[in-house]
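Each chain, written out:
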Amino acid sequence: MTRLALLRHGHTAWNRAGRIQGRTDIPLDDVARAHLAELRLPHDWQEADLVSSPLSRAVETGQIVARRQPMAVAALMEMDWGDWEGRKGLELKSEPGSAFRDIEAWGWDYCPPGGEPPTALRARLSPWVEALERDTVAVCHIGVMRVLMAMATGWNFSGPAPFQIKRDRLFVLHIQNGNLSAEATPVRLLRGAS
């Protein structure tokens, strides 16, 4: 069995403003950098392979928390939000005809205009996950994490998710014979610079 620990990148200015980032390469903000500098990987994850999305906010989160350079993996790129990148979800919800909806009503095929649906993320993530041979920490994005957690829990983007993705935690998945399962409780990052 192989373990995969998912870690969401630190905050950016767009996160704090409620703007949809998708593939737009927004860097971490200074508050996030200072916060992440106080954290580190738990002991049993410090020797695991370290990978990240190619986007700078994920790469830098990995560098700060693990104190080493992650290997960028294209499969971990965030969901493409197309025409909605940079917009605020609350504003889109209030626009008649925007088709924006809450994640609980997506289904696997929900697709922002000019973007990609969760099925596209699943199609690019599945071969990458199946090829993992060592315990791995993946610093990535909430969209990627939702798809992998959905695959591990059987959630189909309909109704409330059986998980809540928070920062500063490892969401641990077990990979066995091509199947994913999720540990019930996320693992908190350790405090302390050493």
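If you're wondering where the values come from, they're calculated on a predicted model, not measured in any experiment.

Quick look at the overall build of the protein chain
Helix and strand counts for the protein chain stand at 6 helices and 9 strands. By the compact-globule yardstick of 16 Å for 194 residues, the protein chain fits well, its C-alpha radius of gyration being 16 Å. Overall size of the protein chain, expressed as C-alpha extent along the three principal axes, is 50 × 40 × 25 Å. Taking all 194 residues of the protein chain together, the buried fraction comes to 52%. A sequence separation of at least 24 residues applies to 67% of the contacts in the protein chain between residues at least 6 apart.

A closer look at the side chain of Asp168
On the secondary structure map, Asp168 appears in the loop between α6 (142-153) and β6 (169-176). Buried and unpaired, Asp168 has no salt bridge, with Arg191 as the nearest side chain of opposite charge at 5.0 Å. For Asp168, the side chain forms a polar contact with the side chain of His35, separated by 2.6 Å. Setting aside chain neighbours within four positions, we find Asp168 in contact with Leu7, His35, Leu36, Leu39, Val187, Arg188 and Leu189.

A word on the packing of aromatic side chains
Centre-to-centre distance and the angle between the planes together describe a pair of aromatic rings. Using the criterion set out here, one finds 10 aromatic pairs in the structure. Ring geometry for Trp84 versus Tyr110: centroids 6.4 Å apart, planes at 40°, classification tilted. Residue Trp84 is found in the loop between β4 (71-72) and α4 (89-94), and its partner Tyr110 is found in the loop between α4 and α5 (118-131); the two are separated by 26 residues along the sequence. We classify Trp84 as buried; its relative accessible area is 5%. Looking at Tyr110, the relative accessible area reads 6%, which means it is buried.

Some details on the packing of α5 against α6
Contact geometry for α5 and α6: axes closest at 10 Å, N-to-C directions at 70°. Put simply, α5 runs roughly perpendicular to α6. Contacts between α5 and α6 pair Pro118, Leu121, Arg122, Leu125, Ser126 and Val129 from the former with Gly143, Val144, Val147, Leu148 and Met151 from the latter. Looking at side-chain class alone, the contact of α5 with α6 contains 8 nonpolar, 2 polar and 1 charged residues.

What to know about the environment of Arg188
Here Arg188 lies in strand β8 (residues 187-188). On the accessibility criterion, Arg188 (54% relative accessible area) is exposed. Expressed as a C-alpha distance, the spacing of Arg188 and Arg169, which sit 19 residues apart in the sequence, is 4.4 Å.

Comments concerning the pairing of strand β5 (residues 136-140)
With 5 of its 5 residues buried, β5 lies for the most part within the structure. Going residue by residue along β5, you find Thr136, Ala138 and Cys140 tucked away on one face and Val137 and Val139 tucked away on the opposite face as well. In this structure, strand β3 (residues 49-52) lies alongside β5, joined through 4 bridges in parallel fashion. Bridge assignment links Asp49 to a residue of β5, and that residue is Thr136.

Things to note about the nonpolar core
Counting residues in each nonpolar core, the largest one holds 39 residues, and the members touching the most others are Leu4, Leu6, Leu76, Trp128 and Leu148. Mapped onto this core, the elements with two or more residues apiece are β1 (2-8), α5, β5, α6 and β6. Element by element, the count of residues in this core is highest for α6, at 8 residues. If near-sequence neighbours (up to four positions away) are discounted, Trp128 is found in contact with Leu4, Val51, Val73, Ala75, Leu76 and Ala138. Ranked by size, the runner-up nonpolar core spans 19 residues in total, among them Leu7, Ile64, Ala66 and Val139.

What counts and what doesn't
- Residues numbered from 1 in each chain as written.
- Predicted model: local features only at pLDDT ≥ 70, side-chain atom pairs only at ≥ 80, totals over all residues.
- Heavy atoms only, no water.
- Helix = DSSP H or I, 4+ residues; strand = E, 2+ residues; numbered from the N terminus.
- Rg over C-alpha atoms; globule rule 2.2 N^0.38 Å.
- Buried < 20%, exposed > 50% of the residue type's maximum accessible area, 1.4 Å probe, protein only.
- Contact = heavy atoms within 4.5 Å.
- Lys, Arg positive; Asp, Glu negative; His and termini not counted.
- Salt bridge = Lys/Arg side-chain N within 4 Å of Asp/Glu carboxyl O.
- Polar contact = N/O pair within 3.5 Å; in protein donor to acceptor, adjacent residues only side chain to side chain.
- Phe/Tyr/Trp six-rings, centres within 6.5 Å; stacked < 30°, edge-to-face > 60°.
- Axes fitted to C-alpha atoms, helices over the stretch in contact; angles between N-to-C directions.
- Parallel < 35°, antiparallel > 145°, perpendicular 65-115°, else oblique.
- Nonpolar A, V, L, I, M, F, W, Y, C, P; charged D, E, K, R; others polar.
- Pairing = 2+ DSSP bridges.
- Core = buried A, V, L, I, M, F, W, Y, C linked by side-chain atoms within 4.5 Å.

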